[in-house]
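Take a look at the letters that make up each chain.
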Amino acid sequence: MATVTEPAGATDSGTRGAGGDEGLLRRSWFQALLVVVVLVVGYQLTRLAGSPPWASGFPGAIGNGFMAWLDGVYAWIVANRNDSPLFLYFFNYISVGLGSAVVLINQFLNGLTWLGVTVIGVVASWRVAGWRVALLVLATFAVFALTGLWNESMTTLSLIITSVFIALLFGIPLGILAGRSEGFYRAIRPVLDFMQIMPAFAYLLPFVLLFGIGNASAAVVTAVYALPPVVRITALGIREVNKGAIEAAASLGSTPGQILTKVQLPLAKRTILLGVNQTIMLAVSMVVIASVIGAGGLGDAIYQALSKINVGQAFQAGLAIVMLAIAMDRVTGAVGHGAHTPRIEPRYRMPLLGGMLAVAVAAAAVGRLFGLGGWPRDLSIRLDIPVNAADKAIESAIGPAAAALGSWTQSWILGPLDNLLSGSPWWLVTLAAAAFGLIFAGKRVALVSALCFLAIGLLGVWDNAMDTLSQVLVATVVTIALGVVVGVLMSRSDVFALVLRPVLDFMQTLPPFVYLIPAVALLGLGPVPALAAAVIFALPPVIRLVNDGIRGVPAGTVEAATSQGSTKWQLLTKVELPMARGSLLLAVNQGIILVLSMVVMGALVGAGALGNDVVLGLAQNELGLGIASGLAIVSLGLFLDRVTQGRRAPRA
Amino acid sequence: MPRFLRRSALLRLFAAGLALVMVSSCAVRTDQIARDPNTVRIAVNGWVGYEASAEVLANILREEMGYEVQLVRVDEQPSWQALDQGVMDVIVENWGHEDLFELYGPDGNGTAVDGGPNGNEGVIGWYVPAYLAEEIPEITTLEGLKANTDLFRTAQTGERGEFLAGAPGFVSQDQGMINAFDLDLEIVYAGSEAAQITEVRRRYANQEPVLFYFYDPQWFQEEVDLVKVDFPDYHEGCDANLDDVPCDYPVYDLNKIFRTGFVEEDDYAYRFLHNWKWTNSQQNEVAQMIADQGISPPEAAEIWVNANRDVWEKWLPEGYENRG
C-alpha cells in the first residue's frame, strides 16, 4: 500500500517545491534525491512482498502483437519485393539510382587515378581554403595511399558524396521553407528532433528492408542521419537575415522569389555553409556504421579487421577516416568563414580556373597514360604492427587491474541499478520518470516522460529498456564527471588546451568500432567495455562545452570576484560554474544522447539489452523485435533529452 | 490568393508528371543496379574460415581469370537477402539455413540456388578449455555439465551459469538445448565473434572456466586447446521445435549458394565457382595465416595460391583463357 501513496507524495512535493519557498525542498537536486529514495523503498517493498501480481513486469501482450504484425510486414515485403508496384515503381528506383550513383562515382574516381584525384583535391582545396588546408588535404591523401587503403577510401568518398548530395538536395529546400514559414518550422521540428535522438544503429533495419543490402541503403541511411543540421541551420540563417534588407528589397518591388535568391540566400550563405559542414561530418561518421549493412569502403575495412581481432589494421583504417573527417571539416569550414581563401583579382579568376582545370586534366591523363589506377599496395607503411604491439603491452600491463575494475563495476553499480529499475513495478518507475520530468523541466515534460515509459512498456521490451537505461545513466555520470574536470583544466591553461584540441578531434572522429574490441580485452565481456567506449565517444563535446562555457564568463566578473578575496576554488564553484550553467546543461544533454547511441552499439561486444535486440533483428531478420527495440531506444532518448534540456527547451 | 493557386497548379503538374513517368517507365528491379562489368560479387560472412575461402577464390578469379571481384562483408541472413535482391552473386560457405532456402530457393522466390557442397564439413558445438576438462573430466558429459553449471557463474549472470554465445546472427539452438536438458545456464551474447574470441582468450590466459558456443573449421581452434561437450547425437527432426532440442548440433556439409541469375548466365566465373571444392585443412592453412600471423587476407590467399597451383588448376573451367 505504501508504495502506492509514496510516488504521489513525491510528485506533490515536487510541484509545491517548484512554486513555493521551502528552502531545501525547493532545490531540484533534493527533490530528485527524494524520488530516488521513493524508488528504492518501492523496490525493497516489492521484494519483501515477494513480487506480488500488482508489482509485476509490464504486460507483454500488446508488444508481442505489434512485433508479430511487423514480422508479417517483413514476410510480405520479402515475398513481394520484385512484384509489388510500391517496390517496382518507387523503392527500387531509389535503391537502383543511389546504388548506381555510388558505383559510378567510384568508377569516375578510379578513372582519374590516384594522381588525378590527389591533384584535383589539393588544387581545389587551395583555391577555396588556402595553402594550409591544401597541405592537410595532401596529407590525407597520403594516409589513404600509404596505409594501403586507397580503393577503400575512394569507395567511402563516393558514398559520402552521394549521401551528402541527397541530404543537401532535400535539406536546403526544407531549411529555406522552414526559414520562411513559422508553421512549417513548427511542424518539422519534432521530426528533426526524432531523427537526431534516434541512434543511427537503430534505424538501419527498416532501411535495409526498403532499399536492400549494400550501398543504396547505406546512402539513404547516411543521408537521413546527416539531414537535420543542414535543415536547422539553413532555417536559422534565413531567419537571421536583416529584416531591413528584406523590406528594402520588397519596397523596391522585388518578388518573393527575387528576395529569396538575391537577398536572403546570399546573406545567409555563410550560415548555410556551416550547416553543410555539420552534415558532412555526420555523414563521415555514419558511413562507418553503415558497413554493418554491407556498405563497402573504410568502414568495411575496420569491420573486417575487427572480425580477426586485428586492432592494428582497424586502427589504420580508423586513421584514414579521422584524416578524411578533419580534412573535410577544414575545407568546408574555411569556405564558411572564407578567412584563408587566397585573394585573387577578379580579372585573373577565370584564367586561374581554366589553368586549374588544365592541370587536373593533365594529371588524370598522365595517371591514365601510365595506368596508375589505385595506389600500389606494395608501397605502404605498416602501422598495424606497432599498434598491435602497443595494444598487447597495454593489455599485459593493466589487464588484471582493468578486469577487476570491470567486474567490480558490473557487480556493485550496474547490476544493482539494473535490478532496481527492472525489479520495481513498472508504474512506479514511470511515475518516477514523470517526477524527474516535472522537477527539471516542468509539467509538459513530465507528461512526455510518462508517455515515453508507457510506450516502452507497450512495445514489449520493458526489461531490456531498463537494462539499457541503467547503462546509460552510469556512463553519463562518468562522462560528465570526467568532462567537467578536464574541461575546467582546459579552461585554466592555454597550453593544455592547445595540446588537447587535436586529441579531442581525433577522439571525436575515430570510429568507435576501433576501440570496442580492445575494451573487451581489458575489461572483460559485457556492458562495462561498452560503457568505457561510450565514455570515450561522448567525452570530447562535453569537454569542449565546459571549456567554452567557463572561458565565456566575462573577465570583469572574474576580476570582481578575485578582488573580493575569493579563493580559486570559490571562484570556480560560486562564480564560473554557475555562470556557465547554460553550457553545462547543454554538455549534459549532448553527453547523454551520445552515450545512448554508443551504448546501443555496445551490443556488438556483449552489452546486451536493447542494442542486442537491434543487432539480432538485423542479423536474424526479426523485424518486429528490431523495430520495437529501436523505438524503445528513441523513447528513452526522448525522455533523457527532454529532461536534461530543462525549462528552456520550448523557447530554444 | 494567386500564390496559393500558383502553388497548387504546380503541385498538380508535378503529380501528373510523376504519374506519367511511372506509367511510361518500366518497373525496376533491384538487380538492375549499375555495377562494374566483369565483376563477381562474393558475400563475406563474419568468420575467418569463410574469408579464407572467399579470398582464395577472389585471387584466382582476379589473377588467373581476369575478373574484378567485390568482397562485401554482411551477416549470414542479409547475404541471402542480397542474393534475392540481385546485389550479390554467391555465398561460398553456407551453414544449413533450411528456412532461408525455403524462402528464397526454387520453392519460394526462386532467386537462390543450392550450388552443392564446397567440401568443408562444419561442426558446431559447446566447448570448454582443455584445462577445465582435465580438472573435472566429467564436465564434457551432459550429467557432469549439469552438476557443475555453478562453475560458470559471472558477475553478470548472478545465480545462473553463463553460456557464452557468439554473434546473434549465427545458427543456434542453444536455448532449446538448455531447456531440453534442464541446465541452469543463461545465454550471454558476445555480440560479435571478435568479442567472443577476445573474451575466451582473456579467460584462457587466466585459466578461468568458460563454456561457449563454437565451431570447427575455425582458426582459433589451433591457438587454444578446446574440448567439445558430448550431447546425444543429432538425428533427423530432433531440432524441429527450437524451444526444446534434446540433441547436439548436426554435422553440416557446408554448401555454396548462388544467385539464380548468376547460374543462368553460365559465365566462366560461375563454372569456376561451381567446380571449386576444398578440404577443412586447406581452408585452415589460409585462415591461420590471416588470423594468427596477421598476414592480410589478400596476401595470405596469394601465398596459398602460389604454392598450390596443382590443387586449384582442376577448378578452372575449360576454355576460360579465350574469354573475351
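As the structure is a prediction and not an experimental result, all values here were calculated from the model.

Here we look at the interface of chain B and chain A
Next, step 1: On the side of chain A, 52 residues touch chain B, which itself brings 44 residues to the contact.
Next, step 2: Tallying contributions element by element places helix H8 (residues 193–205) of chain B first for the side of chain B that touches chain A, with seven residues.
Next, step 3: Looking at the side of chain B that touches chain A residue by residue, the class counts come to 23 nonpolar, 13 polar and eight charged.

Examining the domain arrangement of chain B
A common way to state how big an interface is: give the accessible area lost once the parts meet.
Residue and element names in this part refer to chain B.
Next, step 1: When its domains are assigned, chain B resolves into domain 1 (31–120 + 253–322) and domain 2 (122–251).
Next, step 2: Here the C-alpha centre of domain 2 lies 29 Å away from the C-alpha centre of domain 1.
Next, step 3: Listed per partner, the contact involves 18 residues of domain 1 and 10 residues of domain 2.
Next, step 4: With six residues, the top contributor of residues to the side of domain 1 that touches domain 2 is helix H12 (residues 280–291).
Next, step 5: Residues that form the side of domain 1 that touches domain 2 fall into these classes: six nonpolar, nine polar and three charged.

Observations concerning the nonpolar core
Next, step 1: Ranked by internal contacts, the top residues of the largest apolar core, which has 301 residues, are Ile302(A) and Ala534(A).
Next, step 2: Sort the elements by how many residues they give to this core and helix H4 (residues 85–146) of chain A lands first, with 23 residues.
Next, step 3: Two domains each provide a minimum of three residues to this core, namely domain 1 (31–120 + 253–322) and domain 2 (122–251) of chain B.
Next, step 4: Apart from residues no more than four positions distant in its own chain, Ala534(A) is found in contact with Ala475(A), Val595(A), Met598(A), Val599(A) and Gly602(A).

Digging into the confidence of the model for chain A
Residue and element names in this part refer to chain A.
Next, step 1: Averaged over chain A, the pLDDT score is 80; the fraction of residues at 70 or greater is 91%.
Next, step 2: Long-range and interchain partners of residues 1–21, a stretch whose pLDDT sits below 50, account for 33 contacts in this model, where long-range means more than four residues apart.
Next, step 3: Long-range and interchain partners of residues 648–652, a stretch whose pLDDT sits below 50, account for two contacts in this model, where long-range means more than four residues apart.

Digging into unusual backbone geometry
Next, step 1: Positive phi is not limited to glycine here, since Asp182(B) has a value of about 55 degrees.
Next, step 2: Assignment of secondary structure puts Asp182(B) in the loop between helix H7 (174–181) and strand E6 (185–189).

Rules used in this analysis
- Residues numbered from 1 in each chain as written.
- Chains lettered and ligands numbered in written order.
- Predicted model: local features only at pLDDT ≥ 70, side-chain atom pairs only at ≥ 80, totals over all residues.
- Contact = placed C-beta atoms within 7 Å.
- Helix = DSSP H or I, 4+ residues; strand = E, 2+ residues; numbered from the N terminus.
- Nonpolar A, V, L, I, M, F, W, Y, C, P; charged D, E, K, R; others polar.
- Domains from an automatic or database assignment.
- Core = buried A, V, L, I, M, F, W, Y, C linked by C-beta atoms within 7 Å.
- Buried ≥ 20, exposed ≤ 12 C-beta atoms within 10 Å, placed from the backbone.
- pLDDT = per-residue confidence, 0-100.

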